[in-house]
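Coordinate inspection notes
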Amino acid sequence: MYKTSIFSYTLNTNVLQPKMVVARLKNPSPRIGHCTKVPRNSNMEKLQHGYLFPEIERHEHMHLQKYPHANIIDLGIGDTTEPLPTMVTSSMVDFVRGLSTSKGYKGYGPEQGEQALRKAIADVYYKDLGIKPTEVFVSDGAQCDITRLQLLMGPNLKIAVQDPSFPAYIDSSVIIGQAGDFVDKVGKYKNIEYMKCGPQTNFFPDLHKASRPELIFFCSPNNPTGHAATRKQLEQLVDFAKVNGSIIIFDSAYSAYITDDSPKSIFEIPGAREVAIEVSSFSKFAGFTGVRLGWTVVPEELLYSNGFPVAHDFNRIMCTCFNGASNIAQAGGLACLSPEGFRAVKSLINYYMENARILVNALSSLGLTVYGGKNAPYVWVHFPGSKSWNVFAEILEKTHVITVPGSGFGPGGEEYIRVSAFGQRDSIIEASERLKYLLYQEEN
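Please read all numbers here as calculations on a predicted model, not as lab measurements.

What follows deals with the overall build of the protein. Of regular secondary structure, the protein possesses 14 helices and 15 strands. At 22 Å, the protein has a C-alpha radius of gyration in line with the 22 Å of a compact globule built from 444 residues. Along the three orthogonal principal directions, the C-alpha set of the protein runs to about 65 × 55 × 45 Å. Counting across all 444 residues of the protein, residues that qualify as buried make up 53%. Across the protein, the centroid of the 43 positively charged side chains sits 3 Å from that of the 44 negatively charged ones.

See below:
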């Protein structure tokens with residue numbers, strides 16, 4: 001059986017320790033030179049470190065400087081690797097060629113997205129859920145929309161997040177001014193409620209212990225744990241929001257990976273149209289991480305406390321802060337939602353989920369406790385008693401495999417690492433063998 005104590009370490013000085021990491025992540029010292037009279041945004045000063053994924057990339061570059069010939073396998077950031085379906089790229093190519101003709105040229109489009117794509121999203125992705133095309137706002141990605149929603153809601157609201165959860169929810173809350181001061185002792189921001197979502201609670205918060213947050217960020221399937229909330233769990237969440245007058249910002253970016261009967265949209269739950277906004281993306285669903293395309297659904301029934309429709313204000317935000325998604329990307333998105341395109345995209349999803357199965361089997365065979373990999377392309381691995389940055393560092397040092405330290409997703413991720421199933425099959429198999437060899441060697 002695997003001995004968890006090996007990651008409680010006293011490692012050699014070549015391996016990154018948590019204190020060293022913290023020191024490197026501090027804000028840089030002010031530079032000497034001409035200074036303007038413009039003060040720095042005090043909220044930016046409250047950010048505790050660089051955004052997680054650029055930090056992972058920085059450690060990769062440092063590792064390559066140390067081992068310039070290393071064959072690094074990246075199972076960290078979660079970027080897609082497989083080519084887009086030909087019929088999807090052909091649609092974009094045809095659109096681009098049309099731009100060089102008088103008949104096919106298009107300039108600015110609607111800030112809310114092309115009508116054909118809005119309708120396709122409503123008809124295909126939200127079939128039988130009553131979502132109207134006018135409630136769909138097309139964008140350049142879910143993460144961008146998360147920040148726009150923060151701008152919409154403003155700084156004077158109390159928010160709650162799953163712990164662990166996608167770090168953009170917290171960082172955007174800090175920047176907009178919702179988070180308050182960081183409390184070092186507990187590793188949390190004062191005005192953010194961290195709802196524990198670990199295996200002890202079936203990855204769902206104990207809502208009886210929750211306060212009354214005005215905004216609830218909820219991701220299902222969850223990034224990083226890979227857990228898809230059950231229908232009963234989402235019913236509890238919607239009921240909680242209704243009773244407390246909260247708005248749920250529901251991130252369904254990985255819903256296409258759900259393989260069981262877990263809801264793929266919050267709007268499958270009765271009453272959700274009155275309390276929820278849904279953010280989603282073509283990035284992981286269709287491999288558009290570089291193409292950039294997403295959407296947000298704001299139902300007509302969602303109202304502020306004064307009865308004013310939230311959708312009206314979000315439309316104003318989109319018109320003020322955004323000139324619309326690339327019409328080239330939208331042509332590709334429309335192709336993805338055609339019957340042929342949807343089948344092709346599904347084959348990509350199946351590919352990555354097979355990768356997840358390989359990783360789960362490899363890590364489970366070592367006696368590790370492994371979550372996820374069933375309804376999302378992420379594997380959440382438990383290393384009891386260990387610091388996640390230490391685990392990340394030793395795996396990188398000894399196997400040249402990049403993972404993500406769980407603490408980057410919140411205090412609840414401290415003893416975990418996240419392993420991404422996005423990758424080419426031979427790399428996934430090779431990484432699995434390296435991890436198995438490392439952990440077997442440490443055990444023996």
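A few words now on the confidence of the model for the protein. For the protein, per-residue confidence averages 92 on the pLDDT scale, and 93% of positions sit at 70 or higher. Counted against residues more than four places away or in other chains, residues 1-25, with its pLDDT under 50, gives 48 contacts.

Take the domain arrangement of the protein next. Frequently, the measure chosen for interface size is the accessible area that the parts lose on association. Per the domain assignment, the segments making up the protein are domain 1 (52-83 + 341-441) and domain 2 (86-339). On a C-alpha basis, the centroid separation for the pair domain 1 and domain 2 is 25 Å. Each partner contributes residues to the interface: domain 1 has 31 residues there, and domain 2 has 37 residues. On the domain 1 side of the contact with domain 2, Phe342, Asn375 and Phe409 bury the most area, a combined 25% of that side's loss. Remark: the boundary between domain 1 and domain 2 carries zero salt bridges. Remark: the boundary between domain 1 and domain 2 carries 16 residue pairs in polar contact (both at pLDDT 80 or more). Elements supplying a minimum of two residues to the side of domain 1 that touches domain 2: helix H3 (52-66), helix H12 (339-364), strand S11 (369-372), strand S12 (378-382) and strand S15 (416-420). The element that contributes the greatest number of residues to the side of domain 1 that touches domain 2 is H12, accounting for nine residues. Residues of the side of domain 1 that touches domain 2, tallied by class, amount to 17 nonpolar, nine polar and five charged.

Looking now at the packing of aromatic side chains. Scanning all chains against the criterion turns up 26 aromatic pairs. When the ring of Phe203 is compared with that of Tyr371, the centres are 5.2 Å apart and the planes differ by 70 degrees; the resulting orientation is edge-to-face. With a gap of 168 residues between them, Phe203 in the loop between strand S6 (192-196) and strand S7 (215-219) and Tyr371 in strand S11 connect regions that are remote in the sequence. In this structure an aromatic cluster arises from ring pairing among Tyr125, Tyr126, Phe267, Phe282, Phe285, Phe288, Trp295 and Phe342. Looking at Arg118, its charged tip hangs above the ring of Phe137, at a distance of 5.7 Å from the centre. Above the face of the Tyr351 ring, Arg425 is positioned so that its terminal group lies 4.3 Å from the ring centre.

A general tendency of soluble globular proteins is for nonpolar side chains to be buried together. Counting residues in hydrophobic clusters, the biggest one holds 102 residues, and the most contacted among them are Ile121, Ile248, Ile266, Phe282 and Phe285. Looking at this core, you find at least three residues from each of domain 1 (52-83 + 341-441) and domain 2 (86-339). Setting aside chain neighbours within four positions, we find Phe285 in contact with Tyr125, Ala256, Tyr257, Leu337, Phe342, Val345 and Ile349. Of all hydrophobic cores here, the second largest spans 24 residues; its members include Leu75, Ala356, Val370 and Phe383.

Next up on the list: the sheet that holds strand S14 (residues 404-405). Spatial strand order, S11-S12-S15-S14: four strands in an open sheet with antiparallel pairing. The outermost strands of the open sheet, each flanked by one partner alone, are S11 and S14. Judged from the five bridges that link them, S12 and S15 form a sheet pairing that is antiparallel. Within S15, the position partnered with Val379 by the bridge is Val419.

Let us now look at the UniProt feature "domain: Aminotransferase class I/classII large" (unreviewed entry) in the protein. Here, the residues flagged by UniProt with the feature "domain: Aminotransferase class I/classII large" (unreviewed entry) are residues 71-426. Strand forms 16% of residues 71-426 and helix 35%; the C-alpha atoms that close the span are 13 Å apart.

Conventions used here
Sequence order as written defines the numbering, with residues in each chain counted from 1. Two thresholds apply to this predicted model, a pLDDT of at least 70 for residue-level local features and 80 or more for giving and counting side-chain atom pairs, whereas whole-chain, interface and lining totals are computed over all residues. The basis for every side-chain value is the complete set of heavy atoms in the structure, and neither hydrogens nor water enter the calculation. By definition, any uninterrupted DSSP run of H or I lasting at least four residues is a helix, any uninterrupted run of E lasting at least two residues is a strand, and each is numbered from the N terminus. We take the radius of gyration over the C-alpha atoms and set the globule estimate at 2.2 Å times the residue count to the 0.38 power. Relative accessibility thresholds used throughout: buried, under 20% of the residue-type maximum; exposed, over 50%; partly exposed, between the two (1.4 Å probe, protein chains only). Positive: Lys, Arg. Negative: Asp, Glu. His and the chain ends are not part of the count. Each charge is placed at NZ for Lys, CZ for Arg, CG for Asp and CD for Glu. Confidence per residue, as judged by the predictor, is encoded in pLDDT with a range of 0 to 100. Here, two residues are considered to be in contact whenever any of their heavy atoms come within 4.5 Å of each other. Annotation comment: domain bounds sourced from an automatic or database domain assignment. Here's the idea: put two parts together, see how much 1.4 Å probe accessible area each one loses, and the total over both is what we call buried area. The term salt bridge refers to a pairing of a side-chain nitrogen on Lys or Arg with a carboxyl oxygen on Asp or Glu at a separation within 4 Å. In protein, a polar contact requires one atom able to donate a hydrogen and another able to accept it; more generally it is a pair of N or O atoms within 3.5 Å, and residues adjacent in sequence count only if both atoms are side-chain atoms. Each residue gets one of three labels, nonpolar for Ala, Val, Leu, Ile, Met, Phe, Trp, Tyr, Cys and Pro, charged for Asp, Glu, Lys and Arg, and polar for the others, Gly among them. Aromatic pairing here means that ring centres of Phe, Tyr or Trp (its six-membered ring) are within 6.5 Å. Orientation follows from the plane angle: under 30 degrees is stacked, over 60 is edge-to-face, and everything else is tilted. Consider the ring centre and the ring normal. A charge sits over the ring if Lys NZ or Arg CZ is within 6 Å of that centre and within 35 degrees of that normal. Among buried residues, the Ala, Val, Leu, Ile, Met, Phe, Trp, Tyr and Cys ones that are joined through side-chain atoms within 4.5 Å form a nonpolar core. Pairs of strands are assigned from DSSP output, requiring at least two bridges between the strands. UniProt positions are given in the numbering used here, feature names are shortened, and annotations may be inferred rather than shown by experiment.

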